[in-house]
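So the chains spell out like this:
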Amino acid sequence: VQLQASGGGLVQAGGALRISCAASGVIFIFNSMGWYRQAPGKERELVAVSTARGITYADSVKGRFTISRDRARNTVYLQMNSLKPEDTAVYYCYAQKRFERLIDYWGQGTLVTVSS
């Protein structure tokens, strides 16, 4: 299983960016998919995740970011609006599948840089 993230880049504060993540080598549907991010010198944190029970956003991105998902294609998107310099981070795609136990999958990350 591979998660391939794309769409990162440099954007000015107040701008928008859309990042995507597509899974390959998968013959099942993930139970959840989402995004984490890690800024320099900080721990990895949840940004947004889509599960069967709904969607969860970090408080810092509510109202600005929107996660969407194509379950059949195991693809997840993150539309990021009104970007702030503090959104600068490597964004990691995340997926989870329950077999006999929960298995987590991670993508390689895509860098989002927001200039002030």
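Preceding block: the structure.
A brief look at the structure comes next. As the structure is a prediction and not an experimental result, all values here were calculated from the model.

Thoughts on the nonpolar core
Phase 1: L3, W35, L78, M80 and Y91 are the most contacted members of the largest nonpolar core, which totals 29 residues.
Phase 2: Contributions of two or more residues to this core are made by β1 (2-6), β3 (17-24), β4 (32-38), β5 (45-51), β7 (65-70), β8 (75-80), β9 (89-98) and β11 (110-115).
Phase 3: Apart from the residues lying within four places of it in its own chain, the contact partners of M80 are G15, A16, L17, I19, R64, F65, Y91 and V112.

Re the pattern of salt bridges
Where charged atoms of side chains with opposite charge meet at close range, the side chains can pair.
Phase 1: Enumeration according to the criterion identifies five salt bridges in this entry.
Phase 2: With a closest N to O distance of 2.7 Å, D87 and R64 form a salt bridge. Of this pair, D87 sits in the loop between β8 and β9 while R64 sits in the loop between β6 (54-57) and β7, and the two are 23 residues apart along the sequence.
Phase 3: Residue classification places D87 among the buried positions, given a relative accessible area of 0%.
Phase 4: A residue is classified by how much of its surface remains accessible, and R64, at 10% relative accessible area, is buried.
Phase 5: Here R73 and D70 are joined by a salt bridge, their closest N and O atoms 3.8 Å apart.
Phase 6: According to the relative accessible area criterion, R73 is exposed, its value standing at 64%.
Phase 7: For D70, a relative accessible area of 26% puts it in the partly exposed group.
Phase 8: A network of salt bridges, in which partner residues are shared, links R37, E45, R64 and D87.

Reading the values: the criteria
Residues numbered from 1 in each chain as written. Predicted model: local features only at pLDDT ≥ 70, side-chain atom pairs only at ≥ 80, totals over all residues. Heavy atoms only, no water. Core = buried A, V, L, I, M, F, W, Y, C linked by side-chain atoms within 4.5 Å. Buried < 20%, exposed > 50% of the residue type's maximum accessible area, 1.4 Å probe, protein only. Helix = DSSP H or I, 4+ residues; strand = E, 2+ residues; numbered from the N terminus. Contact = heavy atoms within 4.5 Å. Salt bridge = Lys/Arg side-chain N within 4 Å of Asp/Glu carboxyl O.

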